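# Summary of structural features
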Amino acid sequence: MSEKTIEMTCVVCPIGCNLKVTMDGNGKFLSVTGNKCLKGAIYAKEEVTEPKRILPTNIKVVGGELPLVSVRTEKPIPKKLLFEAMEVIRTFKVKAPVKRGQILIKNLLGTGVNVIATRTVKMDKGT
Ligand code: SF4
């Protein structure tokens with residue numbers, strides 16, 4: 001099978017280099033050009049072999065001034081786990097108060113990545 005080249009933009013920093021990634025006929029990473037630094041090469045290889053994403057979502061809050069708290073994974077997790085991760089996160093409830101930056105789920109799906117609150121939710125004064 002012949003080599004394949006795909007183009008992508010590096011999103012690691014605001015420069016946004018245009019990358020050209022070459023793979024063999026089996027989709028194995030061969031090389032990258034267009035990157036101004038090593039981080040871009042690492043990003044390109046990861047993007048074609050095991051793409052990862054930060055997962056932003058919400059968790060239910062019990063006894064809070066708001067019914068939900070916005071959360072995200074501390075680091076990107078494998079893209080193939082996003083759906084399963086959403087299913088797990090959906091079942092969680094946390095008790096108010098919740099502080100911004102607080103770890104709400106440790107080691108999500110064994111990835112070693114925690115889920116943290118991205119805002120503060122105080123206790124509901126009426127409860
Ligand atoms: S390759 Fe390096 S300089 Fe270019 S966007 Fe990526 S991180 Fe930034």
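For clarity, every value in this text was computed on a predicted model and none was experimentally measured.

Below, the discussion takes up the overall build of the protein. When helices and strands are tallied, the protein shows 2 helices and 10 strands. Ordered by position from N to C terminus, the α and β elements of the protein give β-β-β-α-β-β-β-β-α-β-β-β. Its C-alpha atoms give the protein a radius of gyration of 19 Å, clearly above 14 Å, the size a compact globule of 127 residues would have. Its C-alpha atoms give the protein principal-axis dimensions of roughly 65 × 30 × 20 Å. In the protein, which comprises 127 residues, the proportion classed as buried is 20%.

Judged by pairing direction, the sheet is mixed, and its 5 strands sit side by side in the order β8-β5-β6-β10-β9 without closing on themselves. Single-partner strands in this sheet number two, and they are β8 (93-95) and β9 (103-105). Taken over all neighbouring pairs, the strand axes of this sheet differ in orientation by 45° on average, direction set aside. Pairing between strand β5 (residues 56-62) and β8: 3 bridges, direction parallel. Following the sheet pairing, Val-62 is matched in β8 by Lys-95.

Here we come to helix α1 (residues 38-49). For α1, spanning 12 residues, the distance from its first C-alpha to its last is 17 Å, which sits close to the expected 16 Å at 1.5 Å a residue. Buried-residue contacts for α1 involve β1 (4-9), β2 (18-23) and β3 (29-33).

This next bit is on the pairing of β2. Note: β1 against β2, 6 bridges, orientation antiparallel. Across the sheet, the residue bridging to Glu-7 is Lys-20, located in β2. Pairing of β2 with β3 involves 4 bridges; the strand directions are antiparallel. Bridging from a neighbouring strand, Val-21 pairs with Val-32 of β3. From the end of β2 to the start of β3, which pair antiparallel, there are 5 residues, and Gly-27 there has a positive phi angle of about 85°.

Contacts to the ligand come from Cys-10, Val-12, Cys-13, Ile-15, Gly-16, Cys-17, Asn-35, Lys-36, Cys-37, Lys-39 and Gly-40. Classifying every residue of the shell around the ligand gives 6 nonpolar, 3 polar and 2 charged.

A word on the domain arrangement of the protein. As assigned here, the protein comprises domain 1 (4-49) and domain 2 (56-117). Here the C-alpha centroids of domain 1 and domain 2 sit 30 Å apart.

The subject of this paragraph is the environment of Thr-120. Within the secondary structure, Thr-120 is located in the segment after β10 (115-117). The spatial distance from the C-alpha of Thr-120 to the C-alpha of Pro-97 is 7.6 Å, given a sequence separation of 23 residues.

Another point: the nonpolar core. With 14 residues, the main nonpolar core has Ile-59, Val-61, Val-69, Val-71, Val-94, Val-98 and Leu-108 as its most contacted residues. When contributions to this core are tallied by element, the ones reaching two or more residues are β5, β6 (68-73), α2 (82-90) and β10. Those residues within four positions of Val-98 in sequence are excluded, and the remaining contacts are Val-61, Gly-64, Val-69, Ala-117, Thr-120 and Val-121. Grouped together as the second largest cluster of nonpolar side chains are 7 residues, Cys-17, Val-32, Tyr-43 and Ala-44 included.

Cut-offs and rules
Residues numbered from 1 in each chain as written. Predicted model: local features only at pLDDT ≥ 70, side-chain atom pairs only at ≥ 80, totals over all residues. Helix = DSSP H or I, 4+ residues; strand = E, 2+ residues; numbered from the N terminus. Rg over C-alpha atoms; globule rule 2.2 N^0.38 Å. Buried ≥ 20, exposed ≤ 12 C-beta atoms within 10 Å, placed from the backbone. Pairing = 2+ DSSP bridges. Axes fitted to C-alpha atoms, helices over the stretch in contact; angles between N-to-C directions. Expected span 1.5 Å × (residues − 1). Contact = placed C-beta atoms within 7 Å. Near = placed C-beta within 6 Å. Nonpolar A, V, L, I, M, F, W, Y, C, P; charged D, E, K, R; others polar. Domains from an automatic or database assignment. Core = buried A, V, L, I, M, F, W, Y, C linked by C-beta atoms within 7 Å.

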